[in-house]
Amino acid sequence: MCGVFGYIGHRSNAALLVFEGLKRLEYRGYDSWGVVVVGRGKIYVKKKTGKIGGATVDELPPGSLAIGHTRWATHGGVTEKNAHPHLDCTHTIAVIHNGIVENYESIQAELVHAGHRFVSETDTEIIAHLLEFYAHNMSFIEAFVKTFQRLEGLNAIVAIHHKERVLVAAKKGSPLVIGFGKKENFIASDPSALLPHTKEVYFLEDGQMAVLRDASVSVMESASQKVVKFSTQILDWDVSQTHKGEFHHFMLKEIYEQPQVVLGIAGSGGEEVKRIVSLIRKTKDLYFVGCGSASYACLAGAYLFSKIAQRRAHAIAGSEFLYHLDFINTKSVVVALSQSGETIDTLESVSYAKRKGAKIVALVNVLGSSLYRVADAKILIGAGPEKAVASTKAFIGKIAHLILLAYALDKRVKEGQELLRKSAEVIREVLAEKNSDRIKKLAHRICGVNHIFILGRGLSYSASLECAMKIKEISYIHAEGLAAGELKHGTLALVEKGTPCIVLLPNDETYAATLAGAMEIKARGGYIIGISPKKEGVFDEYLPIADVGDASMIPMVVTGQLLAYYLALERGLDPDMPRNLAKSVTVR
Ligand code: G6P
């Protein structure tokens, strides 16, 4: 949550450079944005509420030191005053921040008492004033160290001073990654934002701070100031992957990339996968943990492991994991699923489990992310940069890896790979023009409804949850995925004449029972949309998918993604940046 970008170097268009960086980070928060540049020995600010859209920073002067921020509001409403960067009383210090300063009220009271004037309702502003307060008696860097030590909570901050040729940063919790250029350096909250400038990066660890200068970067322990020797790594993504290309939205582009993602995974299964398989084989206490779409992938993982490999696994949402800790011990294995590798509840789950001695396996998309670094063994999802807030290709990538892992556990890895190759083909069929037009027409027909219900059983139950999530988050239609058998325990009461009910009917052991549920809905006037390899008389609408056995949830979810996308368009919404949400949830 919140995008942070900073630049120091030889170029004189730092404000524009940072502004462009913010555009690449906007999916992290789009309530408001702001840029500060040091020009002509002064600090110049531009802040605006809302999305960046067609805005410019043309009025900012030339300068070669700048920071910027895209906000997802926590403390204080969405106003220009609350937008970052925040300044001190003298307008000589500027700060950007991702996180929550838990003790800001007591610090603010202290500073007000000392005569500081606050202009915003944010927790962040106290950082600028605290820096000003300490900088009276010590250097800016020393003041930064003192300030950071006072902050409680999980925070990443970056600060500049109009007279100092440095950019200072520190983190605990929220991510910060440094990008290394030639006579220029960058800092951002997400590595994909650095790609147009550099692929050489260093992910700051918790408890570390960095001082960026034009041609050097030093990293220290923020508590002791001890210099840290660090090695950089090279990102394996390409800048072209971060552009929309011919697509109107990142979400559509990412949906259409899925066959390639799945094919790539079909070709994987090397040494690290073997190591993970042997780790999983040794435990009787296996957990999947993740948040949002990743939590539905966890649930799918539990079904897949049971069905394909006869292995028991518990699927737990990151925010609930803490309450299961009594069962975690040195024999447990926790598989954490995350696109970003920075979701706070997933990271905290992993750190609790680690403290109890469990082994951690990460299924993660971002190389070098916090989850990637902390895991004992890891698989990179290989979906490439995902920019739309609603996860699509990273979700399908997780499912494909879980299928492969389950087959590998059952010593049938080749069969798993073959199934994934077939799935990639089947996704192409779903995306083909004739089929997507059918989905588009359906979206047009049902875009005015208030509720959509989605029914599935077994693996299709987790698919129903994911399809409902996509519809909710980008079309704002209330959608509910449910285990088909649970329908008559309550939800059926909401079905009226014409209520759209999507029924997931794969060619498996769930078919007959789910079909019976569809009949019961139909008898009460529900409008039945069947997603299945077979057409049934009960369907009012039929969205065909090919039969891919244990991987059938893949084409089902892709169908749901397209439906959600077209519903959003029909309702005039921006599918890439849904209201109130952000891509990377780094605060509790
Ligand atoms: C946010 C995103 C979701 C994502 C979830 C978990 O809520 O909007 O699309 O599924 O975070 O993210 P992760 O990066 O851990 O997979």
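In this text, all values refer to a predicted model and were calculated from it rather than measured experimentally.

K.L.:
What's the story with the environment of T92 in this structure? I'm lost.
P.N.:
For T92, the position within the fold is in the loop between strand 5 (86–87) and strand 6 (93–99). Among residues more than four places away in sequence, those in contact with T92 are I43, I160, H161 and H162. One polar contact links T92 to T90, side chain to side chain, over a distance of 2.8 Å.

K.L.:
In this structure, what is going on with the nonpolar core? I would like to understand it.
P.N.:
Nonpolar side chains tend toward joint burial in soluble globular proteins. Core analysis: the largest hydrophobic core is formed by 92 residues, its most contacted members being F305, L337, I403, I452, I471, I502 and L567. Counting contributing residues, this core receives three or more from each of domain 2 (242–431) and domain 3 (432–575).

K.L.:
Hey, could you run me through the state of the cysteines in this one?
P.N.:
Cysteine pairs can be covalently joined through their sulfur atoms, and such a bond is termed a disulfide. Taken as a whole, this structure holds zero disulfides when the rule is applied. The structure places no disulfide on C467, whose sulfur is separated from the nearest cysteine sulfur, that of C501, by 14 Å.

K.L.:
When you look at the packing of aromatic side chains in this model, what are you seeing that I'm missing?
P.N.:
Two aromatic rings, taken as a pair, are described by how far apart their centres are and by the angle between their planes. Inspection of the entire model under this criterion finds 11 aromatic pairs. A ring pair is formed by F133 and Y134, whose centres lie 5.3 Å apart and whose planes are at 70°; its orientation type is edge-to-face. Ring geometry for F247 against Y256: centres 5.6 Å apart, planes inclined by 35°, an arrangement best described as tilted. Given the relative accessible area of 22%, F247 is considered partly exposed. Among the aromatic residues, ring-to-ring pairing joins F5, Y7 and F186 into one connected group. Sitting above the plane of the Y372 ring, K378 keeps its charged end 4.7 Å from the centroid. The ring of Y511 has K534 lying over it, and the distance from NZ or CZ to the ring centre is 4.4 Å.

K.L.:
So what exactly am I meant to see when it comes to the site of the ligand here?
P.N.:
Around the ligand, 14 residues are found, and the nearest of them are S338, Q339, S340, T343 and V389. Taking Q339, its main chain carries an N or O atom lying 2.7 Å from an oxygen atom of the ligand. Contact with the protein chains hides 91% of the accessible area of the ligand, taken as 390 Å² for the molecule alone.

K.L.:
Would you explain the packing of helix 2 (residues 104–113) against helix 3 (residues 125–135) in this entry?
P.N.:
Packed helices, taken two at a time, are described by the angle between their axes plus the distance between the axes. Where helix 2 contacts helix 3, the two axes come as close as 10 Å, and the packing angle between them is 45°. Comparing their axes, helix 3 and helix 2 come out oblique. Of the two possible hands of crossing, helix 2 and helix 3 adopt the one that is left-handed. Across from Y104, I107, Q108 and L111 in helix 2, the residues of helix 3 making contact are I126, H129, L130 and F133.

K.L.:
Sorry, what's going on with the sheet that holds strand 17 (residues 333–338) here?
P.N.:
Across a sheet, strands are paired by hydrogen bonds formed along the backbone, either parallel or antiparallel in direction. The parallel open sheet is built from five strands, whose spatial order is 16-15-17-18-19. Both outer strands of the open sheet, strand 16 (313–317) and strand 19 (377–380), are each paired with one neighbouring strand and no more. Averaged over all neighbouring strand pairs, the angle between strand axes comes to 20°, with direction disregarded. Across four bridges, the pairing between strand 18 (residues 359–364) and strand 19 is parallel.

K.L.:
What is the right way to read the packing of helix 6 (residues 258–266) against helix 12 (residues 413–431) from this model?
P.N.:
At a minimum axis distance of 8 Å, the contact between helix 6 and helix 12 shows a crossing angle of 175°. One element, helix 6, and the other, helix 12, form an angle in the roughly antiparallel class. Taking contact as the criterion, the partners of Q258, P259, Q260, V262, L263, I265 and A266 in helix 6 are, on helix 12, Q417, L420, R421, S423, A424, I427, R428 and L431.

K.L.:
How should I be thinking about helix 15 (residues 511–523) in this particular structure?
P.N.:
Owing to its 3.6 residues per turn, the α-helix aligns residues three or four sequence positions apart on the same side. In this model, helix 15 (13 residues) spans 19 Å end to end at C-alpha, consistent with the 18 Å of a helix rising 1.5 Å per residue. Taken together, the buried positions of helix 15 are Y511, T514, L515, G517, A518 and I521. For helix 15, the angular spread of buried residues about the axis comes to 155°, placing them on one side. Opposite its buried face, helix 15 presents the exposed residues A512 and A523, each directed more than 90 degrees away. Those residues of helix 15 that are buried lie in contact with strand 20 (451–456), strand 22 (500–504) and strand 23 (527–532). Downstream of helix 15 by a residue or two, G525 has a phi angle that is positive, lying close to 95°.

K.L.:
Mind showing me how you'd approach the domain arrangement of the chain here?
P.N.:
Interfaces are often sized by the amount of accessible area the parts lose when they come together. For the chain, the domain assignment lists domain 1 (3–235), domain 2 (242–431) and domain 3 (432–575). Using C-alpha coordinates to define each centre, domain 1 is positioned 45 Å away from domain 3.

K.L.:
Can you walk me through the sheet that holds strand 21 (residues 478–483) in this structure?
P.N.:
Taken together, the five strands give an open sheet; going across it, the order is 21-20-22-23-24, and neighbouring strands pair in parallel fashion. Every interior strand has two partners, whereas the edge strands, strand 21 and strand 24 (541–544), have only one. Recorded for the sheet is a direction-independent mean angle of 20° between the axes of neighbouring strands. With three bridges joining them, strand 20 and strand 22 adopt parallel strand pairing. Each bridged residue has a counterpart across the sheet, and for I454 the counterpart in strand 22 is I502.

K.L.:
Can you walk me through the pattern of salt bridges in this structure?
P.N.:
Pairing between side chains of opposite charge can happen when the charged atoms of each approach one another. If you walk through the whole model with that rule in mind, you get 30 salt bridges. The partner of K354 in a salt bridge is D376, with the nearest N and O atoms 3.8 Å apart. Taken together, the residues span a long stretch of sequence, with K354 in helix 9 (residues 344–355) and D376 in the loop between helix 10 (370–374) and strand 19 at a distance of 22 residues. On the basis of relative accessibility, which here comes to 32%, the residue D376 falls in the partly exposed class. Salt bridges linked by common partners bring K307, D508, E509 and D550 together as one network.

K.L.:
Please explain the environment of V78 as it appears in this structure.
P.N.:
Along the polypeptide, V78 turns up in the loop between strand 4 (65–71) and strand 5. Between the C-alpha atoms of V78 and I528, which are 450 residues apart in sequence, the distance is 41 Å. Leave out the neighbours within four places in its chain, and V78 touches D31, T49, R71 and A73.

K.L.:
Looking at this structure, how should I read the side chain of H97?
P.N.:
The topology assignment puts H97 in strand 6. Taking relative accessible area as the criterion, H97 reaches 1% and is therefore assigned buried. Not counting chain neighbours up to four residues away, the residues in contact with H97 comprise C2, H69, H84, D123, T124, I127, N155, A156 and I157.

K.L.:
Just checking my understanding: could you explain the environment of H162 for this structure?
P.N.:
Residue position: H162 is located in the loop between strand 7 (155–161) and strand 8 (167–172). C-alpha separation for the pair H162 and L363, spaced 201 residues apart in sequence, amounts to 43 Å. A distance of 2.9 Å separates a polar side-chain atom of H162 from the backbone oxygen of G41.

Conventions adopted
Every chain's residues receive numbers from 1 upward, in the order its sequence appears when written. Owing to the predicted nature of the model, reporting of local features is limited to residues with pLDDT of at least 70; listing and counting of side-chain atom pairs is limited to 80 or more, with chain, interface and lining totals taken over all residues. Computation of side-chain values: all heavy atoms of the structure, hydrogens and water removed. Helix numbering and strand numbering both begin at the N terminus, where a helix is a DSSP run of H or I of at least 4 residues and a strand a DSSP run of E of at least 2. Working rule for contacts: check all heavy atoms of both residues, and any pair within 4.5 Å makes them a contact. Pairs of N or O atoms within 3.5 Å make up the polar contacts considered here, provided that, within protein, one atom can donate a hydrogen while the other can accept it, and that residues adjacent in sequence are counted only when both atoms are side-chain atoms. Side-chain atoms within 4.5 Å link the members of a nonpolar core, which is a set of buried Ala, Val, Leu, Ile, Met, Phe, Trp, Tyr and Cys residues. Categorising residues by exposure relies on relative accessible area from a 1.4 Å probe, with only protein chains included: less than 20% of the type maximum marks a residue as buried, more than 50% marks it as exposed, and the intermediate range marks it as partly exposed. For the domains described, the bounds stem from an automatic or database domain assignment. When two cysteine sulfur atoms lie within 2.5 Å, the pair is treated as a disulfide. Geometry of aromatic contacts follows a simple scheme: Phe, Tyr and Trp rings, the Trp one being its six-membered ring, pair when their centres are within 6.5 Å, and the pair is stacked under 30 degrees between planes, edge-to-face over 60, tilted otherwise. Lysine NZ or arginine CZ positioned within 6 Å of the ring centre and within 35 degrees of the ring normal marks a charge as sitting over the ring. If even one non-hydrogen atom of a residue comes within 4 Å of a molecule or strand, that residue is called near it. The protein chains shown are the only cover counted for residues, whose accessible areas, like all others here, come from Shrake-Rupley with a 1.4 Å probe. Every angle, taken between N-to-C directions, lies between 0 and 180 degrees, and every axis is a line fitted to C-alpha atoms, over only the stretch in contact when it is a helix. Working rule for angles: under 35 degrees goes down as roughly parallel, over 145 as roughly antiparallel, 65 to 115 as roughly perpendicular, anything else as oblique. Handedness of a helix crossing follows the sense of rotation of the near helix relative to the far helix, less than a right angle counterclockwise being left-handed and clockwise being right-handed. In this scheme, strands are said to pair when DSSP sees at least two bridges between them. Between the first and last residue of a helix there are one fewer steps than residues, each counted as 1.5 Å, and that sum is the expected span. To obtain the arc, one takes the directions from the helix axis to the C-beta atoms. In what follows, salt bridge is the name for a side-chain nitrogen of Lys or Arg lying within 4 Å of a carboxyl oxygen of Asp or Glu.

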